[in-house]
Amino acid sequence: MTVAEEVDIGTEIGIVQAVDQDIGENANIGYLITYGNEDNMFVLNTTEDNRAVLLVGNRLDRETASQYIITIKCFKSSALPSSLRKPYNRQDPSERQIRIRVSDVDDNLPQFSDNNVTLGVRVNVPVDTLLLTLSATDLDVDAAPISFQIESIKFNNFALSENKTYFSLDNSTGEIRTATSMTPFSDGFFTLSISAMNSPNRTYATVKIFVVRERGLLKFVFSRPPADVRQSLPKFRQEIEKALAVPASLNVYDTQFHAKLDGSLDFSSTSSCFQLVGDRGLDLKEMENLLQPGRNVEIDKIYSNFNVQDVQRCTLQLGKAGVTWAQLCVLVIAAFIGLASLVSGCVLCFSYNRWQRFR
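Everything numeric in this text was worked out from a predicted model, so none of it was measured.

Enquirer: Would you mind showing me how to read the sheet that holds strand β5 (residues 51–56) here?
Expert: Backbone-to-backbone hydrogen bonds pair the strands of a sheet. The strands run either parallel or antiparallel. Taken in spatial order, the three strands make up an open sheet running β2-β5-β4, and their pairing is antiparallel. Edge positions in the sheet fall to β2 (12–17) and β4 (42–46), since each has one partner strand and no second. In this sheet, adjacent strand axes meet at a mean angle of 25° when their direction is disregarded. Of the pairings in the sheet, the one linking β2 to β5 comprises five bridges and is antiparallel in character. Across the sheet, Gly14 pairs through a bridge with Leu54, a residue of β5.

Enquirer: Help me understand the domain arrangement of the chain in this model?
Expert: Accessible area lost upon the coming together of the parts is a frequently used measure of interface size. According to the domain assignment, the chain contains domain 1 (2–103), domain 2 (111–212) and domain 3 (214–313). Computed over C-alpha atoms only, the centres of domain 2 and domain 3 are separated by 25 Å. Across the boundary between the two partners, domain 2 contributes eight residues, which contact 13 residues of domain 3. The junction of domain 2 with domain 3 conceals about 830 Å² of combined surface from both sides, 48% of it contributed by carbon and sulfur atoms.

Enquirer: For this particular structure, what's the right way to read the layout of surface pockets?
Expert: Empty space among the atoms can be located by rolling a probe the size of a water molecule over them. Looking at the largest pocket, its volume works out to about 360 Å³. Considering the residues around the largest pocket, the lining is formed by 17 residues, among which Leu131, Arg237, Asn251, Val252 and Tyr253 are closest to the centre. Elements that contribute at least two residues to the lining of the largest pocket include exactly β9 (116–122), β10 (130–133), α1 (226–243) and β18 (249–252).

Enquirer: In this structure, what is going on with unusual backbone geometry? I would like to understand it.
Expert: It is generally the case that most residues other than glycine have a negative phi and that most peptide bonds are trans. A positive phi is found at Glu6, a non-glycine position, where the angle reads about 65°. In this structure, Glu6 sits in the loop between β1 (2–4) and β2. One non-glycine residue, Asn50, adopts positive backbone phi at about 65°. Topologically, Asn50 is positioned in the loop between β4 and β5. A relative accessible area of 17% places Asn50 in the buried class.

Enquirer: Any chance you could explain the packing of aromatic side chains here in plain terms?
Expert: The description of an aromatic ring pair rests on the distance of the ring centres and on the angle between the ring planes. Enumeration according to the criterion identifies 18 aromatic pairs in this entry. Both rings, one in Phe155 and one in Phe185, keep their centres 5.2 Å apart while their planes meet at 70°; by these two values the pair is edge-to-face. Of this pair, Phe155 sits in strand β12 (residues 147–155) while Phe185 sits in the loop between β14 (175–178) and β15 (189–197), and the two are 30 residues apart along the sequence. An identical accessibility class is assigned to Phe155 and Phe185; each is buried. Ring centres 5.0 Å apart and planes at 90° place the aromatic pair Phe220 and Phe236 in the edge-to-face group. Of this pair, Phe220 sits in strand β17 (residues 218–222) while Phe236 sits in helix α1, and the two are 16 residues apart along the sequence. Residue Phe220 is classed as buried on the basis of its relative accessible area, which comes to 0%. Take Phe236: its relative accessible area is 1%, and that puts it in the buried class.

Enquirer: Could you clarify how one ought to interpret the pairing of strand β16 (residues 202–212) in this entry?
Expert: Side chains on a regular strand alternate between the two faces of the sheet. By the criterion of burial, β16 is predominantly enclosed, with eight of the 11 residues buried. Sheet topology places β9 next to β16; seven bridges connect them, and they run parallel. If you follow Gly120 over to β16, its bridge partner there is Phe210. By the bridge criterion, nine bridges tie β15 to β16 in an arrangement that is antiparallel. Across the sheet, the residue bridging to Ser195 is Tyr204, located in β16.

Enquirer: Could you clarify how one ought to interpret the sheet that holds β15 in this entry?
Expert: Pairing is mixed in the open sheet, where four strands are placed in the order β9-β16-β15-β12. Here the strands that pair on one side only, and so sit at the sheet edges, are β9 and β12. Taking each pair of neighbouring strands and ignoring which way they run, the sheet shows an average axis angle of 25°.

Enquirer: Help me understand the UniProt feature "transmembrane region" (unreviewed entry) in the chain, please; the structure alone is not making it clear to me.
Expert: The sites that carry the UniProt feature "transmembrane region" (unreviewed entry) are, in the present numbering, residues 325–350. Along residues 325–350 one finds 100% helix and 0% strand; the C-alpha atoms at either end are 37 Å apart.

Enquirer: Would you explain the nonpolar core in this entry?
Expert: A general trend in soluble globular proteins is that nonpolar side chains are found buried together. In terms of nonpolar packing, the biggest core is built from 28 residues, with Phe167, Phe190, Val207 and Ile209 touching the most fellow members. Breaking this core down by element, the ones donating at least two residues are β9, β10, β12, β13 (167–169), β15 and β16. Filtering out sequence-adjacent residues up to four positions away, Phe167 remains in contact with Leu131, Ile150, Ile153, Ile176, Arg177, Thr178, Ala179, Met182, Phe190, Leu192 and Ile209. Listed in part, the 25 residues of the second largest apolar core include Leu218, Val252, Leu284 and Ile302.

Enquirer: Would you mind showing me how to read the UniProt feature "domain: Cadherin" (unreviewed entry) in the chain here?
Expert: Mapped onto this numbering, the UniProt entry annotates "domain: Cadherin" (unreviewed entry) at residues 2–112 and 113–236. Here residues 2–112 is 0% helix and 43% strand, with 31 Å between the C-alpha atoms at its ends. Structurally, residues 113–236 comprises 9% helix and 44% strand, and the distance from its first C-alpha atom to its last is 19 Å.

Enquirer: Please explain the pattern of salt bridges as it appears in this structure.
Expert: Oppositely charged side chains can pair when the atoms bearing their charge come close. Counted according to the given criterion, the structure contains 14 salt bridges. Notably, a salt bridge pairs Asp61 with Arg59, separated by 3.9 Å at the nearest N-O pair. Overall, Asp61 belongs to the buried group, its relative accessible area being 14%. Put simply, Glu151 and Arg202 hold a salt bridge, and the shortest N to O gap is 2.7 Å. Highlighted residues: Glu151 in strand β12 and Arg202 in strand β16, separated in sequence by 51 residues. Residues joined by salt bridges that share partners form a network here, namely Lys73, Lys86, Asp92 and Glu95.

So, how was this worked out
- Residues numbered from 1 in each chain as written.
- Predicted model: local features only at pLDDT ≥ 70, side-chain atom pairs only at ≥ 80, totals over all residues.
- Heavy atoms only, no water.
- Pairing = 2+ DSSP bridges.
- Helix = DSSP H or I, 4+ residues; strand = E, 2+ residues; numbered from the N terminus.
- Axes fitted to C-alpha atoms, helices over the stretch in contact; angles between N-to-C directions.
- Domains from an automatic or database assignment.
- Contact = heavy atoms within 4.5 Å.
- Buried area = accessible area lost by both parts, 1.4 Å probe.
- 1 Å grid on protein atoms, 1.4 Å probe; cavity = no way out; pocket = protein on both sides within 12 Å on 5 of 7 lines; lining within 4 Å.
- Points joined across faces, edges and corners; volume = space filled by probe spheres on them.
- Buried < 20%, exposed > 50% of the residue type's maximum accessible area, 1.4 Å probe, protein only.
- Phe/Tyr/Trp six-rings, centres within 6.5 Å; stacked < 30°, edge-to-face > 60°.
- UniProt positions renumbered as here; feature names shortened; annotations may be inferred.
- Core = buried A, V, L, I, M, F, W, Y, C linked by side-chain atoms within 4.5 Å.
- Salt bridge = Lys/Arg side-chain N within 4 Å of Asp/Glu carboxyl O.

Rendered as structure tokens:
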């Protein structure tokens, strides 16, 4: 037997009929579900002509159970018990096992794994850079493939041209990429409305993309190589966001060998530039107050667990060269020699002019 999910309670599924060779009242038959109906999903109504109508007794959801196997046993009406639970006995002719399949109905909309996403992109990022891969699922077993579509794009600082493409979206994979230079949009943010659909109805997600300059970023310095850091980065990001004192999203932009202040690379360490964004992008001072070691006990524990040894500004700052006393003395001597040479030259010119005059 087959019944569609989400049908009304009391909907008829099928009819079961047994035969008794007796006549009169002795031929009256009663029916009982003896196994497989623990959640009272089905009920039996006995008719005057010794048949049993199988009805839906509870909500059927294809995503919860795709089929049910129940056992129906017939009795003399006079011997019908109020309840009985026993496994099916195929040797007993008074028992029948019935398989009820629940057919799927498209009663679920696609659901985004995250319907409110905030991320950042560097102002100098190349065109066609992958920013984000959206994902959505449909609980319906026989659901059609999900497709994605950009419904609208807005920028906070000025109106966008309707004839220009700013981001591209792969309708099947959900990949969002840059489609133009981000330079004109520095220090602003885009708001994208994305839909997911596999039927006339659709669901929506909001993606907010901040365009940031390099000097507006900080970086984590890990005492582990990049390959190890990349594996643990999703969990690290999740724990940092949970420990923050403000509602903000941690966007990590790259994972590479750490560059020291003198410009050399430390191949045993990793630096990852990042930004915190919420309703707006946080500036450097705000991020430093939140994430510098020693400011938050919970964050310090996370740093210890993930081998974060420092938080620095992402823009490389060249260190000032130190001047030794020997170098200073050489500079003084060089300046003195230069001054002496200048004075000597002036004296020589003056003497030569006098010699020419008295000659």
